[in-house]
Structure formats: C-alpha cells, structure tokens
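# Coordinate inspection notes
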Amino acid sequence: MLDFKEIIAQEIEKATGLEKEELKSYIEIPKDTTMGDYAFPCFKLAKELRKAPPVIAEEIKEKLKIEASIIKKIEIVGGYINFYANNTSLVESVLKEYHEKQEQYGNSKIGEGKSVVIDYSAPNIAKPFHIGHLRSTVIGGALYNIYKFLNYQVTGINHLGDYGTQFGKLIEGYKLWGKEYDVESNPIDELTKIYIRINELCKEDEQVLENCRNNFKKLEDKDPYCVEIWTRFRELSLKEFQKVYDMLGSKFDSWNGEAFYSDKMQEVVETLENTGKLVPSEGARVIELENMAPCIIEKTNGSTTYATRDLAAILYRARNYNFDKALYVTSYEQVLHFKQVFEVAKLLGMDEKYTDGLEHVPFGMVRLKTGKMSTREGNIVKLEELLNEAITRALKIIEEKNPELEEKEEVARKVGLGAVIFNDLSASRIKDEIFDWDTMLNFQGETGPYIQYIYVRTKSVLEKAGYVPNYEEIQVSVLSDKASFEVAKTISNFEETLKQVADKNEPSILARYLIDLSQSFSSFYNANKIIGEDKDKQDARLYLSYVVGNILKTGASLLGIEMPNRM
Ligand code: ARG
C-alpha cells in the first residue's frame, strides 16, 4: 500500500542524508487537521544540522519531489513541514490494504523470532483477589494479546504469591483455630479472617510471631504437615481465582508461582556468595547497591525473600524461554523491588541480553472514593463482586435505554466487563485510577460502552443494507469528503499504534486509538447518509463502515473486550 510516512521519510532522507527509519519515527499525525495530515518537526534535526528549524524546513522543502497524486500540498509553519495527503489516494490505499489483509490488518512482523515473557496478575494465595490485581491482570492480558498479534513468541506467567512468611502465619492460625472456620466452602474469606486474627496475636505475643517464622522455615524444609496445609490453601484459592479469570478471559501459559523456585534459590545464593558481594548485615545477608537500599537475599533466620525468588525466576526464564524481553506488570509500589532485583541479576553471570531485557511495567493505584484497600485491615473490595456489580449496572442501563433488546443478560455481561476493562486501560498506566461507576458506564464518554455502541452502529447499518459490498466494485473516489478521509487516515494508523503499544508497553495507546476511530466514524456517520444515496456512494460508505467495525472489534479484543452485536 501507499505508506505515506515511508514516502515522506524517503524523500527527507534524500534531502538531508540522514537515516530514514529515524526520520520516519519523527513524523507526527497532527490532531488539528489544519496543520496537515502528516507533520515533520525540524527542530529534531537542529542540533545535527546546526541550523534554525525554519531554515531547515525551507531547505528540505526545496528539495522534496513527491507526486501531487500522493501529497497535494506542502506547507511550512514555524519549524514544521506540514504535508497534506491527496485524499483519494490515501483512502484508496487504506481500503486496498484492508481488503488484502482482512483480519490480519495492523499486524506486522516485528515480533518474528523474538520471545517475550509477561509476568502478570500474580495474586496471593489465601488472600482475596482484589481490585489492585485487576489492573495487573487487565494490562498484562492486553500486552499478552498485542505481542501475540505482532508475532512475538509470548509466554504469560502467573507468578502466584504462594510462598513467604505469611504462610508461616496462616499455618499457625490454622493450627490454633482451624476448626472454628469453614475454610472448605468459603476459603478466601475464612483464611483472611484467620490471617487478620493471627496478625493481631503476633503484635501482642512475640513467641507466636517466632512460631510463625519457624513454620515458614519448616515449609521450606518440606515438613509434611506444613506442606499439606499449604497445598490445600493453594488449591482452594486457585479455584476461586479461576472464576475471575473466566470472567475476564485471562490466559496463562505457566502457573509457576514463588514456591516453584524453592529448590532453585540455592544456586542464586551460591553464585552471589562467589562474587564476594553477599555481605552480612544485622544478621541477614544482603547485596549492597549504589543509590538504593540493599537487597536482602537471606533473612535473619536463614529464610529466603521475595527478591531471592525473583532472582531464581530470572535465571529459570532466561534458560527456558530465552527471552528478549521479560516484563513485570505490578503497581508502582514495587518500583524499588524491581530496581534492586534487576541490579542484583547482573551479578548472576547471565548473558547481557537477558539483564538488558528485564523491564518493570508499573501502574498506578486503583482508588475507590472511600480510599485505598489493604488486606491486613480487612477493608477489601472483592474483584468477583465488583465485576458482577458492573454487569448488574450495565443491565439496568440497557433496560432503561432499550427494553426490547434480545439477550439482554449477554449484552450486559459484555458491556459491564468492557466498561471496567476499558476504564483500567484508557489512561496512561502510571496514573492512579479513580474507580467511578458513572464515568466508566457512560455510553457517550470515552469509555468501553462507547466503542461498543459505535461498533453496533457499523453492524446495524450493514444489516439494514443487507449486504457487504464487494471491494473490487467500490468507487473509492466518492469517499473524497473530509469525514471519510479522516476515518481512512485513522484506520491507516492502526499498525503504527500497535507497534507503539509494544514499544512502550502502554495499552492506553490502543484504547485512545479506538476512541479516535469511534469518534471519526461518528462524525462520518453524522455527515453522510450511508443508505439510500446513489449506489456508488452507498457501497463505498458501507465498505468503510465495515472496515471500521472490524478494526474496532479486533482492537477491542486485543484489550480483552468483547463486542455485542446489539445494545
Ligand atoms: N504477588 C505479588 C503481589 O501481589 C506480585 C508478583 C509480581 N511478580 C513478580 N515476579 N514479583 O504484589
């Protein structure tokens, strides 16, 4: 197809002698279309060429030779060179490419031969799967789908919190009061109660705390009683977590949690010992680090830590998945943890390829209007309940707006879950998220339900027409109006959008894109009569609607959102 950015970059390369791929990455698509369809910011070259940006712009423009059938006008504004695409050639090339690629449109080969490991979700056994884990599950899940779409070899890992001193506490609590609680039928709630109660006792009684620590040590040493209780906690918890994964459609290739590394940490400790950098500190053993707190490898009683397990996991993943990138999707509360772990990993003697590929993908906290959640105080919002509430609320809205709708429950499920997922992904991930039902369920806002609603419009217009026009018979020239052109231009940016998501590990770029595409379609829909004009116009506009609908559906499914056929 006609790749406008490519053509522009090629010409600027000829004019300046600078590297094309780099030039291409500078090209912007201005929000304000009076600034052209593509813009090249010359200030990026000012340093290299030692000239003022407007001067550079003039000089480049003089040398450009782009056919008017492709770029109809070139203008200089300040340090920018603005390019105005020839509407028809752009629309034509976009639709042609769509026709050739269909479902594969937007897909690229950048991932071929590359392996990426994504560590996400990772709730903690015997603790509630709360709203804080929702973001990791949703962001990690979106990245998982998008990397796959870009042809990476992807491994999704659920690094369950199934190990650590808290199990020493739980085992102690269970020993003391196990019979008082109905752990079998309501595991997470009951275990949480035990956990809260034992924590209280630990605060009062130093001996109990010591017993808990020893229980954990016994667990590491494979004491049969401790292992048996632990296994039960794990199985019961997973059964509950799976309910949430089923609702969200989450998939994992590996469920190796922290406990999986219990026999793999010795190697880490020994390797670190051999570097001479593992030093005693207040009874523990640590690695001192520059400009940050030391990383604790072994606690006072000889137990390993969360960090030691992550180090063992890095070795394991490098060996078994030969990763180019290893991503860790957690809240920003763990920024220091991963900085420490990634620094210490450099001492493990691995190829630099692996240590370079480690990347923390942090996200902001989810805040309810009532404040932050924490397990220890028992102020918990359970994710399963929350997702069910989203569905109930969506159903209520649908009943008001469209009481005649068929299969309301199924539509409500897609809309409710779509609203929560989109809300989680729509803002840049590092931002804190305020969880507000009215905002995320607003059908006219920048929301999941909005893109679903626009998708349904594309469906219903095609249904009303009763056919999908044949691409070969379409007169693209009738799509020369501004609104059609804007839709096509947005479509053409799909591939670049997905590449950027992978480059920055930022699914919000795709969420934003789907809003842009929906809004441009909405303007097109309002400006143009689709059915009932002459046949050429009707076919061309229908085809454009068809393409928009398909891309919205593909894009939404990459985010983990299902589209209803009506709503
Ligand atoms: N279980 C941890 C938590 O709930 C997250 C684990 C993240 N992954 C990792 N490899 N450390 O905070």
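Scroll up to find the structure this text is about.
Residues numbered from 1 in each chain as written. Predicted model: local features only at pLDDT ≥ 70, side-chain atom pairs only at ≥ 80, totals over all residues. Heavy atoms only, no water.

## Topic: the packing of aromatic side chains
Evaluation of the coordinates by the stated rule reveals 30 aromatic pairs. With 5.5 Å between their ring centres and 85 degrees between their planes, phenylalanine 129 and phenylalanine 241 make a pair best called edge-to-face. Of the two residues, phenylalanine 129 sits in the loop between β4 (115-119) and α6 (131-149) while phenylalanine 241 sits in helix α10 (residues 224-248), which places them 112 residues apart along the sequence. Relative accessible area serves as the criterion here: at 5%, phenylalanine 129 is assigned to the buried category. A residue is classified by how much of its surface remains accessible, and phenylalanine 241, at 1% relative accessible area, is buried. On the numbers, 5.9 Å between centres and 75 degrees between planes, the contact of tyrosine 261 with tyrosine 316 is edge-to-face. You can see tyrosine 261 sitting in the loop between α10 and α11 (265-275) and its partner tyrosine 316 sitting in helix α12 (residues 306-321), a full 55 residues away along the chain. (Phe/Tyr/Trp six-rings, centres within 6.5 Å; stacked < 30°, edge-to-face > 60°. Helix = DSSP H or I, 4+ residues; strand = E, 2+ residues; numbered from the N terminus. Buried < 20%, exposed > 50% of the residue type's maximum accessible area, 1.4 Å probe, protein only.)

## Thoughts on the site of the ligand
In the vicinity of the ligand, the contacting residues are Asp119, Ala122, Asn124, His133, His159, Tyr306, Asp310, Tyr328, Thr330, Gln334 and Phe338. Residue aspartate 119 places a side-chain N or O atom 2.8 Å away from a nitrogen atom belonging to the ligand. Measuring from an oxygen atom of the ligand, one finds a side-chain N or O atom of glutamine 334 at 2.9 Å. Burial of the ligand by the protein amounts to 88% of the accessible area it has alone, namely 350 Å². Here the residues of the shell around the ligand are counted per class, giving 4 nonpolar, 5 polar and 2 charged. (Near = heavy atom within 4 Å. Polar contact = N/O pair within 3.5 Å; in protein donor to acceptor, adjacent residues only side chain to side chain. Areas by Shrake-Rupley, 256 points an atom, 1.4 Å probe, with all protein chains shown as cover. Nonpolar A, V, L, I, M, F, W, Y, C, P; charged D, E, K, R; others polar.)

## A look at the packing of helix α9 (residues 206-220) against α10
Between α9 and α10, the least distance of the axes is 8 Å, while the angle of their chain directions is 90 degrees. Taken together, the axes of α9 and α10 lie roughly perpendicular to each other. Residue-level contacts link Asn215, Lys218 and Leu219 of α9 to Cys226, Val227 and Trp230 of α10. When grouped by side-chain class, the residues that make up the contact of α9 with α10 number 4 nonpolar, 1 polar and 1 charged. (Axes fitted to C-alpha atoms, helices over the stretch in contact; angles between N-to-C directions. Parallel < 35°, antiparallel > 145°, perpendicular 65-115°, else oblique. Contact = heavy atoms within 4.5 Å.)

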